[in-house]
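Structural features, examined
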Amino acid sequence: QVQLVESGGGLVQAGGSLRLSCATSGSIFSIYTMGWFRQAPGKQRELVATITSGGTTIYKDSVKGRFTISRDNAKNTVYLQMNSLKPEDTAVYYCNVVPPGLYWGKGTLVTVSS
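Predicted model only: the values in this text are computed from it and were never measured.

Observations concerning the environment of Gly55
- Within the secondary structure, Gly55 sits in the loop between strand E5 (46-51) and strand E6 (57-59).
- Gly55 gets classed as partly exposed once you look at its relative accessible area, which sits at 38%.
- Sequence-wise, Gly55 and Thr33 are 22 residues apart; in three dimensions their C-alpha atoms are separated by 8.9 Å.

Looking at the pairing of strand E1 (residues 4-7)
- Burial along E1 is one-sided: Leu4 and Glu6 are buried, while Val5 and Ser7, pointing the other way, are not.
- Where E1 lies against strand E3 (residues 18-24), four bridges are found, and the strand directions are antiparallel. Of the residues in E3, the one forming a bridge with Glu6 is Cys22.

Section: the state of the cysteines
- Following the criterion strictly, the structure yields one disulfide and no others.
- Between the sulfur of Cys22 and that of Cys95 lies a disulfide, 1.7 Å long from S to S. Its S-S torsion of about 60 degrees marks the bond between Cys22 and Cys95 as right-handed, since a negative value means left-handed. Residue Cys22 is found in strand E3, and its partner Cys95 is found in strand E9 (residues 91-97); the two are separated by 73 residues along the sequence.
- In this structure Cys22 comes out as buried when scored by relative accessible area, which is 0%.
- By relative accessible area, Cys95 is classed as buried at 0%.

Let's talk about the sheet that holds E3
- With respect to topology, four strands assemble into an open sheet ordered E1-E3-E8-E7, the strand pairing being antiparallel. In the strand order of this sheet, the two ends are held by E1 and strand E7 (67-72), each with one partner. The average angle at which neighbouring strand axes cross in this sheet is 15 degrees, direction not considered.
- Here E7 pairs with strand E8 (residues 77-82) via six bridges, running antiparallel. By the bridge assignment for E8, Ser70 is matched with Tyr79.

Rules of the game
- Residues numbered from 1 in each chain as written.
- Predicted model: local features only at pLDDT ≥ 70, side-chain atom pairs only at ≥ 80, totals over all residues.
- Heavy atoms only, no water.
- Helix = DSSP H or I, 4+ residues; strand = E, 2+ residues; numbered from the N terminus.
- Buried < 20%, exposed > 50% of the residue type's maximum accessible area, 1.4 Å probe, protein only.
- Pairing = 2+ DSSP bridges.
- Disulfide = S-S within 2.5 Å.
- Axes fitted to C-alpha atoms, helices over the stretch in contact; angles between N-to-C directions.

Right, dumping it as structure tokens:
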């Protein structure tokens, strides 16, 4: 039901940082658990991080200590701060409610060079 527009991806060197944004629509955004997902070439989409309506976060083991998910309910926006990026982080990144609905946005491409 929510509209999802991801932005902030780009090309960075290993060790660099990016901040992804996910702009959403919906009058009850603040009650949803939100997540960031990614899909690397030739691989299935995977869950990277989640944040509940109360701000509790969970991360995939491989990104712990490097990525931070946050939300600004006043702006209906979810963020993913990505630090110490590695080539294996290269993927198209998507946001969605958790569990995800059938609708996905276009995603934003993150490419990390070695």
